[in-house]
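Residue-level listing of the chains:
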Amino acid sequence: SGVATSIRVLSFGSGQPVLLLHAASWFAAHWSELCSYLKGYRCHCVDMPGHGLSGAVDYSGRDLRAYQVELFSKVFRELNLRDVPVVGNSLGGMTALWLALDAPELVSRLVILGVPATALPGARPDLILSLLSVPYLNRVVLALPATVLTSRISMWNALSASANTTLSPELFQI
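Here we summarise the structure given alongside this text. Since this is a predicted model, take the numbers as computed values, not measurements.

Analysis parameters
- Residues numbered from 1 in each chain as written.
- Predicted model: local features only at pLDDT ≥ 70, side-chain atom pairs only at ≥ 80, totals over all residues.
- Heavy atoms only, no water.
- Helix = DSSP H or I, 4+ residues; strand = E, 2+ residues; numbered from the N terminus.
- Contact = heavy atoms within 4.5 Å.
- Areas by Shrake-Rupley, 256 points an atom, 1.4 Å probe, with all protein chains shown as cover.
- Core = buried A, V, L, I, M, F, W, Y, C linked by side-chain atoms within 4.5 Å.
- Buried < 20%, exposed > 50% of the residue type's maximum accessible area, 1.4 Å probe, protein only.
- Pairing = 2+ DSSP bridges.
- Axes fitted to C-alpha atoms, helices over the stretch in contact; angles between N-to-C directions.
- Expected span 1.5 Å × (residues − 1).
- Polar contact = N/O pair within 3.5 Å; in protein donor to acceptor, adjacent residues only side chain to side chain.
- Phe/Tyr/Trp six-rings, centres within 6.5 Å; stacked < 30°, edge-to-face > 60°.

Topic: the overall build of the protein
Broken down by element type, the protein carries seven helices and five strands. For the protein, the α and β elements follow one another from N to C terminus as β-β-α-β-α-β-α-β-α-α-α-α. Contacts in the protein between residues far apart in sequence, at least 24 positions, make up 65% of those at least 6 positions apart. For the protein, the accessible surface area stands at approximately 10100 Å², while carbon and sulfur atoms represent 60% of it.

Considering the nonpolar core
If you look at the biggest cluster of nonpolar residues, it comprises 22 residues, and the most contacted ones within it are Leu19, Leu21, Phe72, Phe76, Val86, Leu99 and Leu106. Looking at this core, the element that brings in the most residues is helix α2 (residues 64-78), giving six residues. Apart from the residues lying within four places of it in its own chain, the contact partners of Phe76 are Leu19, Leu81, Arg82, Val84, Val86, Leu99 and Leu106.

Remarks on the sheet that holds strand β5 (residues 107-113)
Read from one edge to the other, the open sheet built from five strands follows the order β1-β3-β2-β4-β5, with strand pairing classed as mixed. The two strands at the open ends of the sheet, each matched to only one other strand, are β1 (9-12) and β5. On average, adjacent strands in this sheet sit at an angle of 20° to one another, irrespective of strand direction. Sheet topology note: the strand β2 (residues 16-21)/strand β4 (residues 84-89) ladder contains three bridges and is parallel. The residue of β4 that forms the bridge with Leu19 is Val86. Packed on one face of the sheet, helix α3 (residues 91-102) meets β2, β4 and β5 and runs near 155° to β5.

Looking at α3
A rise of 1.5 Å per residue sets the reference length of α3, with its twelve residues, at 16 Å; its end C-alpha atoms lie 17 Å apart and thus fit the reference within 8%. Burial analysis of α3 places nine of its twelve residues in the buried class, which makes it a mostly covered element. Every buried residue belonging to α3 is among Leu91, Gly92, Gly93, Met94, Thr95, Ala96, Leu97, Trp98 and Leu99, and all of these are buried.

Observations regarding the environment of His44
With respect to the helices and strands, the residue His44 is situated in strand β3 (residues 41-46). Expressed as a C-alpha distance, the spacing of His44 and Arg8, which sit 36 residues apart in the sequence, is 9.9 Å. Contact partners of His44, with chain neighbours within four places excluded, come to Val9, Leu10, Ser11, Pro17, Val18, Leu19, Leu20, Leu79 and Leu81. Polar side-chain contacts of His44 include one of 2.7 Å to the side chain of Ser11.

Structural notes on the packing of aromatic side chains
With the rule as written, the count across this model stands at one aromatic pair. Each ring, one from Trp26 and one from Trp31, has its centre 6.2 Å from the other, and the planes form 70°; the classification is edge-to-face. Judged by its relative accessible area of 30%, Trp26 is partly exposed.

What to know about unusual backbone geometry
Phi is positive for Ser25, which is not a glycine, with a value near 75°. Along the chain, Ser25 falls in the loop between β2 and α1 (32-37). Here Ser90, not a glycine, exhibits a phi torsion of approximately 55°, which is positive. Mapped onto the elements of the fold, Ser90 is located in the loop between β4 and α3.

In short, the description is geometric, and any link to function would need to be established separately.
Here it is in structure tokens:
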């Protein structure tokens, strides 16, 4: 199968299970404050592959979607989870969407925070996020002040042009 990496999962609380998948450059403990508010839930916070204390993965030549679905199906089995809510942020949202589409018996509900990377056909990477992957240019981008204009630019690919122009300016106030 080719799925051979270790995945760390931090679990908090007791009650109904929920799986939380973080964004790129985060790690599982980022969810700890949210988990403290989720009374009656057993929160399973996953360090995504290559993040936190999970093992690294060489994605070269792999179908990323198939790999993530296979890997996280194994995580569900190891945790004895089935038909549970999944919360995903950005990269985690992309993985959560793929799981819901390709292994629907595992996911009862989805909560997606932020833009779910490029999970769906036709989606394009966010321009600002793409620039963050370019050495040296990434430092310039991170040094830019957050403005209404930069916020709108970062939303451009996530929404249609018409939806973007009709959004309330209050959504972009910094």
